[in-house]
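# Structural description and commentary
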Amino acid sequence: MSKTLLLVDGSSYLYRAFHALPDMRNAEGEPVNAVFGVLNMLRRLEIDVMSDYTACVFDAKGKTFRDDWYPAYKANRETMPDNLICQIAPLHAAIKALGWPVLEIAGVEADDVIGTLAVEAARVNVQTVISTGDKDMAQLVNSHVQLINTMTNETLDEAGVTTKFGVPPERIVDYLTLVGDVADNVPGVAKVGPKTAVKWLLEYGSLEEVVAHAADIRGVVGENLRATLDWLPEARRLLTIRTDVTLPVALDSLIRQPRDVPVLMEMFRHFGFKSWLREMESARMADKTPTLFASMDTAVPVSSPSPVTRDYVAIQTMVALQDWLTQMQSADLVALDTETTGLDPLTSELVGMSFAIHPHQAVYVPLGHQREDTVQIPREEALNLLKPWLENATRAKVGQNIKFDQHILANHGIHLAGVAHDTLIQAYLLESHLPRNMDSLAMRHLGVSVISYASVVGKGSTQLGFEMVDIASATEYAAEDADITLQLQQTLYPKLIRDEGLAYVYQQIEMPLLPVLWQMERTGVLLDVARLQAQSAELGQALQELESKAHAMAGRMFNLQSPKQIQGILFDELKLPVIKKTPGGLPSTDEDVLEALALDYPLPKLLLEHRTLAKLKSTYTDKLPKMVNARTGRVHTNYAQTVAVTGRLSSVEPNLQNIPIKTPQGRRVREAFVAPAGHVLMSLDYSQIELRIMAHLSGDASLLQAFADNLDVHRATAAEIFGIKAENVDAMQRRVAKTINFGLIYGMSAFGLARALGLERTAAQAYIDRYFARYPGVAAYMQRTREAARQDGYVKTVFGRRLWLPEIHSPNRQRRDAAERAAINAPMQGTAADLIKLAMVACADWLVHNQLNSRLIMQVHDELVLEVCESELPRVLAEMPDVMCNIAHLRVPLKVGYGVGANWEAAHQA
């Protein structure tokens, strides 16, 4: 049996770990996220790859031969951040203490060292496994070399490279030469992407043959190819990994050494890696080899996903299902997951269910598979047995995005009860700035690479529905979902409840909100489809008229949807001033540019109007009627609870929160959201909620007094700034104060205020200075918040939600400044999000407690929309605003405005 060399592209993983993980710091405030990420990756490799030789290879400091060839090589890369630079030396020391050889060869890149070692290994019949996230390495793959990406669980052999890139490994350099490498600042052929490059290489066979047939290739890409012919050899040379580097080490010297346990323990203590330290201390006390980093004896082949023995079983008889149900009835907590015919929560059907009680042990119950060889329990028979347990509120359940499972079960007449936990919500509260799909969570928190959905059902035109997957494959995938969910619950929940604020947000806001959102989605909103269709026809006519006017202004016909044609009209023919340019150096025609030009020129103003109406038509008046559920006659949005980092809900498919209301046409769309017979729509909206939160957070005496006295805060602010009585404030002065009040919430600078008000910057700065002089508590709050953000990497809402700011320590000043502005605004946006969620829970509870038939049907920013029975309207009007005002007690009173009407727009006009 041949031996194996494991080579780790340390530089690749160093950057990925640094950017993928939050700003982790030890007790001394030193950054440690890159150290943690790389060491965690090495842990997985020691478990997953059985190797005889190993090395972790890093880029050395200084220039390489490629910089001499091409001075612009990698010139577009930002300077390495200081909080990454300081982690490199301790990381290298930790890797060496683990017993790994560490290689840095001056004058060449890590890729070249890895390529040379791979070739040397092949000469002596040693197989090479390269762990990297760099696509350039695919050129090294052959019968002796394969790639693995520990962060994505991807393995590439020769066939895998061909499948992923469309060309075999020996053509990867040709492919990269044509498309270019943005990361390394090596240009390719302009406008040639992966599809075109693959097409050419498959047609002509190689880069040399593509060049030989350059004259035969038509169109713009052909012209671009011919213009680049002189450059292509140099690009190819830069992108080719060298395999002939003179190395100071021999292959047989790359043997992993015994770990230096005392040094590792001291390092983990210094880094603050407490769980790893505990593992090593426990192992030392038990006189065992520490298990944090698996020994060579426990290594397994690359293809094995985990060394842990897992017990995943398919339940295919009623007897087996009854046995498992008995175990679930006595379990403290059960993880469950559903497999379905699709992703639409209101129309998809159940294909199977999986359950887990103990880690690494789970079952899958196939119920709706359609393969002829399937052995399964009839779905209705199984659900009749499971229904009492599923609907039992005393039997605790946990899921990952369990609201979806609730919908699927409701489609089969089951009202899932006893939902105690949701791991997606837990991860969201702990790390809203990081990916939270199960793949990412499993790798980040459990060190486990899970089975991908695509590996089970396939991709593209050959993709199967889950109902056509064989039971063995379905069991491994579905049971793993339940198992991983249970393991995540055991890992994430203890971390969550250790923080009093996060525990409150989870237990009192997010989890109680789940059933409210489920019911709102299930209920939906009634649409007047005929009204929308009439509006769509009117918009179509208006767009035609605008198009005719635009053609007349331009003096010729052109496509109003084409940025290129608009560019030619505005800047080449009409000679309008160029406001800014695209990354390619051409005049930009984006919305900001058109808005600036529209102040002085009629055509850009008309183009903006056309864009607004076209978007309104395509996104709403055309699309919404097609999204009406045929069974209910209503449109059913999905309220995504775990998307926005501020805690705000997101409405998707369709998005009911972004209907434009600044134009009459946009407001008319809301007229199509109607109440059924015997009902009205009621809108309740928090008044100036973020300003009130600013007053609460800052504790500024003047702001607090203004709200306590129920004053017009903008008028009161104007009186303070201009040193006059409130009754003497004119419209312009109030507008200045309003712009400052809201602008400061979003961290507006003097430049931004000057632009918003059309003032000189010095005048705008004077207004801001006067504002802070009159409201010193606001200035002090902003400074405290910036300092807290820099220290912790996050800020908090009033209720304890963490709002992460990954760029707060960025070496890029613009990003850092943006993060500081976000730090000021985030507590207000986040607290507003918490308040509206508390209001939703309180309103829903109030309706149930009072046994009313009125229903909560929409949430939009700081507004709730109810469908109210006319007979219940007096009571709802009398009590619901108070319910919303009393959900929390801030240092300023909450205020709710409301209106009632036959449709949503009418409720706003009332």
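See above for the structure.
Keep in mind that what you see is a predicted model, and the values were worked out from it rather than measured.

### Details of the packing of aromatic side chains
On inspection of all chains with the given rule, the structure shows 20 aromatic pairs. Consider the rings of Phe268 and Trp276, whose centres lie 5.6 Å apart with planes at 65 degrees: the pair is edge-to-face. Neither residue differs from the other here; Phe268 and Trp276 are each classed as buried. With a centroid separation of 5.4 Å and an interplanar angle of 70 degrees, the aromatic rings of Phe722 and Tyr767 are classed as edge-to-face. Here Tyr767 lies in helix α32 (residues 761–774) and Phe722 lies in helix α29 (residues 713–722), a separation of 45 residues in the sequence. With relative accessibility at 13%, the residue Tyr767 sits in the buried group. The structure contains a cluster of three or more aromatic residues connected by ring pairs, namely Phe36, Phe268, Phe271, Phe273 and Trp276.

### Description of the pairing of strand β21 (residues 863–869)
Where burial is concerned, most of β21 is hidden: seven out of the seven residues are buried. Because side chains alternate across β21, one face comprises the buried residues Glu863, Val865, Glu867 and Cys869, and the other comprises Leu864, Leu866 and Val868, equally buried. Relative to β21, strand β17 (residues 679–686) runs antiparallel, the two sharing seven bridges. Following the sheet pairing, His679 is matched in β21 by Cys869.

### Here's the deal with helix α22 (residues 529–554)
The α-helix advances 3.6 residues per turn, and as a result positions three or four apart in sequence lie on the same side. With 26 residues, α22 extends 37 Å from end C-alpha to end C-alpha; this agrees with the ideal 38 Å at 1.5 Å per step. Of the positions making up α22, those classed as buried are Leu532, Gln535, Ser536, Leu539, Gly540, Leu543, Leu546, Ala550, His551 and Ala554. Looking at the buried side of α22, the elements it contacts are α23 (563–573), α25 (602–621) and α26 (664–669). A positive backbone phi angle near 85 degrees is found at Gly555, which sits one or two residues after α22.

### Describing the environment of Ala17
Structurally, Ala17 can be placed in helix α1 (residues 10–20). Judged by its relative accessible area of 3%, Ala17 falls in the buried class. Each C-alpha atom, one on Ala17 and one on Phe36, is 7.9 Å from the other, the two residues being 19 residues apart in sequence. For Ala17, the residues in contact, after removing those within four places along its chain, are Asn33, Ala34, Gly37 and Val38.

### Some details on the state of the cysteines
Scanning all chains against the criterion turns up zero disulfides. Of all cysteine sulfurs in the structure, the one in Cys885 sits closest to Cys843, which takes part in no disulfide; the separation is 10 Å.

### Considering the packing of α32 against helix α33 (residues 776–792)
α33 packs onto α32 with a crossing angle of 100 degrees between their chain directions and a minimal axis gap of 4 Å. With respect to their mutual orientation, α32 and α33 come out roughly perpendicular. Counting all contacts with α32, which are made through Tyr771, Phe772, Ala773 and Arg774, the residues of α33 involved are Pro776, Val778, Ala779 and Met782.

### As for the sheet that holds strand β11 (residues 397–399)
Reading across from one edge, β7-β10-β9-β8-β11-β12 is the order of the six strands in this open sheet, with mixed pairing throughout. The two strands at the open ends of the sheet, each matched to only one other strand, are β7 (311–314) and β12 (419–422). The average angle at which neighbouring strand axes cross in this sheet is 25 degrees, direction not considered. Alignment of β7 against strand β10 (residues 361–366), held across four bridges, turns out to be parallel. Each bridged residue has a counterpart across the sheet, and for Asp311 the counterpart in β10 is Gln361. Against the sheet, helix α15 (residues 379–390) contacts β8 (334–340), β9 (350–358) and β11, and its axis sits at roughly 40 degrees relative to β9.

### Some points on a positive patch on the surface
Where like charges cluster on the molecular surface, the positive patch consists of Lys274, Arg278, Lys495 and Arg498. Residue placement: Arg498 occurs in the loop between α20 (471–497) and α21 (500–523).

### Quick notes on the side chain of Thr374
On the secondary structure map, Thr374 appears in the loop between β10 and α15. Exposure remark for Thr374: the relative accessible area of 16% places this residue in the buried category. At a separation of 3.1 Å, a polar atom in the side chain of Thr374 contacts the main-chain carbonyl oxygen of Arg371.

### Notes on helix α31 (residues 750–757)
Among all positions in α31, only Ala750, Leu753, Ala754 and Leu757 are buried. Across the axial projection of α31, the buried residues extend over an arc of 100 degrees, all falling on one side. Looking at the buried side of α31, the elements it contacts are α30 (731–745) and α32. Backbone geometry just downstream of α31 places Gly758 in the positive-phi region, at approximately 70 degrees.

### Quick look at the nonpolar core
Formed by 163 residues in total, the largest nonpolar core has its most connected members in Phe355, Phe673 and Leu866. When residues in this core are grouped by element, the largest group, 13 residues, is from helix α34 (residues 813–849). Ignoring any residue separated from it by four or fewer positions in sequence, one finds Phe673 in contact with Val525, Leu526, Leu527, Leu624, Val635, Leu656, Ile659, Leu681, Met858, Asn903 and Trp904. Membership of the second largest hydrophobic core comes to 55 residues, among which are Val108, Ala138, Tyr204 and Leu251.

### Digging into the pairing of β10
As a general feature of sheets, a regular strand has side chains that alternate between the two faces. Taking burial as the measure, the six residues of β10 include five buried ones, the bulk of the element. Across six bridges, β9 lies against β10 in antiparallel orientation. Bridge pairing in β10 links Met353 to Val365. Hairpin connection of β9 to β10: two residues between the antiparallel strands, including His360 at a positive phi of 70 degrees.

Definitions and cut-offs
Here the residue index of a chain counts from 1 through its sequence in written order. Local features in a predicted model are, by the rule used here, given only for residues with pLDDT of at least 70; side-chain atom pairs are given and counted only at 80 or more, and totals for whole chains, interfaces and linings are based on all residues. The side-chain quantities take in all heavy atoms of the structure and omit both hydrogens and water. Side-chain rings of Phe, Tyr and Trp (the six-membered ring for Trp) are treated as a pair once their centres are within 6.5 Å; stacked means planes under 30 degrees apart, edge-to-face means over 60, and tilted covers the remaining angles. When a residue's accessible area, from a 1.4 Å probe over protein chains only, is under 20% of the maximum for its type it is buried; when over 50% it is exposed; and in between it is partly exposed. Elements are defined by DSSP. Helices are runs of H or I of four residues or more, strands are runs of E of two residues or more, and each kind is numbered from the N terminus. Paired strands, as defined in this entry, are two strands with at least two bridges between them according to DSSP. A helix is expected to span 1.5 Å for every residue after the first. Two residues qualify as a contact provided that any one of their heavy atoms is within 4.5 Å of a heavy atom in the partner residue. Working definition: a disulfide is two cysteine sulfur atoms within 2.5 Å of each other. Interaxial angles span 0 to 180 degrees and are taken between N-to-C directions of axes, which are lines fitted to C-alpha atoms, for helices over the stretch in contact. An angle below 35 degrees is treated as roughly parallel, one above 145 as roughly antiparallel, one from 65 to 115 as roughly perpendicular, and anything else as oblique. Two distance rules govern patches: like charges are joined within 9 Å, and nonpolar side chains (Val, Leu, Ile, Met, Phe, Trp, Tyr) within 5 Å, applied only to residues with over 30% relative accessible area and no salt bridge. Areas reported here follow the Shrake-Rupley algorithm with a probe of radius 1.4 Å; residue values treat only the protein chains shown as occluding. A side-chain nitrogen of Lys or Arg and a carboxyl oxygen of Asp or Glu constitute a salt bridge if their distance falls within 4 Å. Positive residues here are Lys and Arg, negative ones are Asp and Glu, while His and the chain termini are left out of the count. Lysine's charge is taken at NZ, arginine's at CZ, aspartate's at CG and glutamate's at CD. Throughout this description, a polar contact denotes any pair of N or O atoms lying within 3.5 Å of each other; where both atoms belong to protein, one of them has to be capable of donating a hydrogen while the other can accept it, and for residues adjacent in sequence the pair is counted only when both atoms sit in side chains. Comment: arc refers to directions from the helix axis out to C-beta atoms. As used here, the term nonpolar core means buried Ala, Val, Leu, Ile, Met, Phe, Trp, Tyr and Cys residues forming a set that is joined through side-chain atoms within 4.5 Å.

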